[in-house]
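Listed below, chain by chain, are the residues.
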Amino acid sequence: MSDTTGKLAGQVALVTGAARYRGLGRAIALRLADDGADVVVTGRPAAQSSVTDAEREMGWQGASSLAGEIEAKGRRALALEFDVTDADAVETACKQALETMGCVDILVNNAGVPSGAGAAPVLDMDDELWYSTVDVNLNGVYLVTKWIGRAMRDAGKGGSIINLSSTAGRRGLPAYGAYCASKFAVVGLTQQLATELARFNIRVNCIAPGSHPTDMMDGTIARTADVVGATTDQITAGIRAAALLGRQGKPEELAASVSFLAGPDAAFITGQTLNVDGGAHMS
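Note that the structure is predicted; figures quoted are calculated from it, not measured. Every chain is numbered on its own, with residues counted from 1 as its sequence reads. Local features in this predicted model are restricted to residues whose pLDDT is 70 or higher, and side-chain atom pairs enter the listing and the counts only when it is 80 or higher, whereas totals over whole chains, interfaces and linings include all residues. Computation of side-chain values covers all heavy atoms of the structure but excludes hydrogens and water.

Let us now look at the packing of aromatic side chains. For this analysis, a ring pair means two rings from Phe, Tyr or Trp (six-membered ring only for Trp) whose centres lie within 6.5 Å, classed as stacked if their planes differ by under 30 degrees, edge-to-face if by over 60, and tilted for the remaining angles. Per the counting criterion, the structure on display carries 2 aromatic pairs. Ring geometry for tyrosine 21 versus tryptophan 60: centroids 5.2 Å apart, planes at 75 degrees, classification edge-to-face. Taken together, the residues tyrosine 21 in the loop between β1 (12-15) and α1 (24-34) and tryptophan 60 in the loop between α2 (53-58) and α3 (63-72) connect sequence positions 39 residues apart. Exposed residues in this analysis have more than 50% of their type's maximum accessible area, buried residues have under 20%, and partly exposed residues fall in between, with area computed by a 1.4 Å probe over protein chains only. Here tyrosine 21 falls in the partly exposed class, since its relative accessible area comes to 30%. Taken together, a centroid distance of 6.2 Å and an interplanar angle of 55 degrees make the contact between tyrosine 176 and tyrosine 179 tilted. The exposure classification of tyrosine 176 matches that of tyrosine 179, with both residues buried. The helix and strand labels rest on DSSP assignments: H or I over at least four residues marks a helix, E over at least two residues marks a strand, and numbering proceeds from the N terminus.

Here it is in structure tokens:
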């Protein structure tokens, strides 16, 4: 069992996009639990076609499996399956989280889709792909934040909202289609929310991850390799070379930055976007 006096003890976190075993959401949820929080984990119901061979072999059941890992650490956990683009489903799920857990003190908007990142030039994009990308990556943040943010405001205890953008939301990249635009928008929404919620002592910050070994990143690397006629190893080597620290990040390192922004050491930080990319970008 983890230390019950952790820096987030007594708080409840909600992490969206936490259904994949090799995902940033799982790493974030586990770190918040290690630091003392009870955690609500969410994800979309997974189609069998999207389940990886490794997940299938281990019997991974998405958010419910992650909830089990959190409970094994001695924390309360709740797994919810819903689509962040479905306004009615978001309302129902957020109300269930609040009723079951009593409150939500920390919201991590991690759910996102790559939607052709690495192989989707804007002029050649399918319109539906553009709209669906913006729907998940931006509108999903808006919908979940609206319900949880209202609850934080009404509870009068303050809170911390952390949005996941991307270094592709800090600098335009060719063939990243709607991904760049939607992730830039998350940075702007973060700043707007920070100005609106500061008077309620609700801090709103953003993290722009660089390359971390996840299923989503593997897909982006594979698409990029196909477009430029390279191997995935060559693309990965280029990513590592572009970072001052010469490597990809570890999901648990990204999770540590989320925990920092959620916790008391970041009490005077709001409206900021933190690049977690090994020095690949400086802005």
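With that settled, the discussion passes to empty space enclosed by the protein. Whether a set of points on the 1 Å grid over the protein atoms alone is a cavity depends on a 1.4 Å probe fitting there but being unable to get out, while an open set qualifies as a pocket with protein on both sides within 12 Å along at least five of seven lines; lining residues are those with an atom within 4 Å of a point. Grid points are joined across faces, edges and corners, and a volume is the space filled by probe spheres set on the points. For the structure on display, the rule yields 1 cavity of 30 Å³ or more. For the largest cavity, the calculated volume is near 30 Å³. Lining the largest cavity, in full, are Thr16, Val84, Asn109, Ala111, Val136, Gly140, Val141 and Val144. Looking at the lining of the largest cavity, the element that brings in the most residues is helix α5 (residues 127-155), giving 4 residues. Residues are grouped as follows: nonpolar covers Ala, Val, Leu, Ile, Met, Phe, Trp, Tyr, Cys and Pro; charged covers Asp, Glu, Lys and Arg; every other residue, Gly included, is treated as polar. A per-class count over the lining of the largest cavity returns 5 nonpolar, 3 polar and no charged.

With that settled, the discussion passes to the pattern of salt bridges. In what follows, salt bridge is the name for a side-chain nitrogen of Lys or Arg lying within 4 Å of a carboxyl oxygen of Asp or Glu. The full count for this structure, using the stated rule, is 13 salt bridges. Linking arginine 22 and aspartate 218 is a salt bridge whose minimum nitrogen-to-oxygen distance equals 2.9 Å. Of this pair, arginine 22 sits in the loop between β1 and α1 while aspartate 218 sits in helix α7 (residues 215-228), and the two are 196 residues apart along the sequence. The residue arginine 26 makes a salt bridge to glutamate 69 at a minimum N-O spacing of 2.9 Å. One end of the pair, arginine 26, is in helix α1; the other, glutamate 69, is in helix α3, and 43 residues separate them in sequence. Taking relative accessible area as the criterion, glutamate 69 reaches 24% and is therefore assigned partly exposed. Within the structure, one salt-bridge network assembled from shared partners comprises Arg20, Arg22, Glu55, Asp215 and Asp218.

Now for the sheet that holds β1. When DSSP locates at least two bridges between a pair of strands, those strands are taken to pair. What the 7 strands build is an open sheet, ordered β3-β2-β1-β4-β5-β6-β7; its pairing is parallel. If you trace the sheet from one side to the other, it starts and ends with β3 (77-81) and β7 (273-276), each paired once. On average, adjacent strands in this sheet sit at an angle of 15 degrees to one another, irrespective of strand direction. Pairing analysis gives 3 bridges linking β1 to strand β4 (residues 106-109), with the strands arranged parallel. Paired with alanine 13 across the strands is isoleucine 106, a residue of β4. Residue contacts follow a heavy-atom distance rule, with two residues in contact if any of their heavy atoms lie within 4.5 Å. Under this scheme, a helix contributes an axis fitted over its contacting stretch, all axes are lines through C-alpha atoms, and angles between N-to-C directions fall in the 0 to 180 degree range. Sheet strands touched by α1: β1, β2 (38-43), β4, β5 (159-164) and β6 (202-209). Its angle to β1, the strand with the most contacts, is close to 175 degrees. Here helix α6 (residues 177-197) sits on the sheet and contacts β5, β6 and β7; the angle it forms with β6, its principal contact strand, is near 165 degrees.

Glancing now at the pairing of β5. Within β5, 6 of the 6 residues are buried, leaving the element largely enclosed by the surrounding structure. In β5, alternate side chains face the same way, and those of Gly159, Ile161 and Asn163 on one face and Ser160, Ile162 and Leu164 on the other are all buried. As defined by bridge partners, β4 adjoins β5 across 4 bridges and the pair is classed as parallel. Looking at β5, one finds that leucine 107 is bridged to isoleucine 161. Convention used here: a crossover is right-handed provided that the path from the first strand, over the helix, to the second strand proceeds clockwise when the strands point away from the viewer. Crossover connection from β4 via α5 to parallel β5: handedness right-handed.

It is worth spelling out unusual backbone geometry at this point. Even without being glycine, serine 115 reaches a positive phi, approximately 45 degrees. Inspection of the secondary structure puts serine 115 in the loop between β4 and α5. Look at alanine 175: it is not a glycine, yet its phi comes out positive at around 65 degrees. Structurally, the position occupied by alanine 175 is in the loop between β5 and α6.

For an α-helix the count is 3.6 residues per turn, leaving residues at separations of three or four pointing the same way. Taking 1.5 Å per residue as the helical rise, helix α4 (residues 87-101) with its 15 residues ought to reach 21 Å, and the 21 Å between its terminal C-alpha atoms agrees with that figure. Inspection of α4 places Val90, Ala93, Cys94, Ala97 and Met101 among the buried residues, and these make up the whole buried set. What you see down the axis of α4 is that its buried residues fit within an arc of 100 degrees, all on one side. For α4, the exposed residues set more than 90 degrees away from the buried face come down to Asp88, Thr92 and Glu99. Polar contact is the term for a pair of N or O atoms within 3.5 Å; when the atoms are in protein, one must be able to donate a hydrogen and the other to accept it, and sequence-neighboring residues count only if both atoms are side-chain atoms. For α4, the side-chain oxygen to backbone nitrogen distance between the N-cap and aspartate 88 is 3.1 Å, and the N-cap itself is aspartate 86. The positive-phi residue at the C-terminal boundary of α4 is glycine 102, with phi of around 95 degrees. Each residue after the first adds 1.5 Å to the expected span of a helix. Directions drawn from the helix axis to the C-beta atoms are what define this arc.

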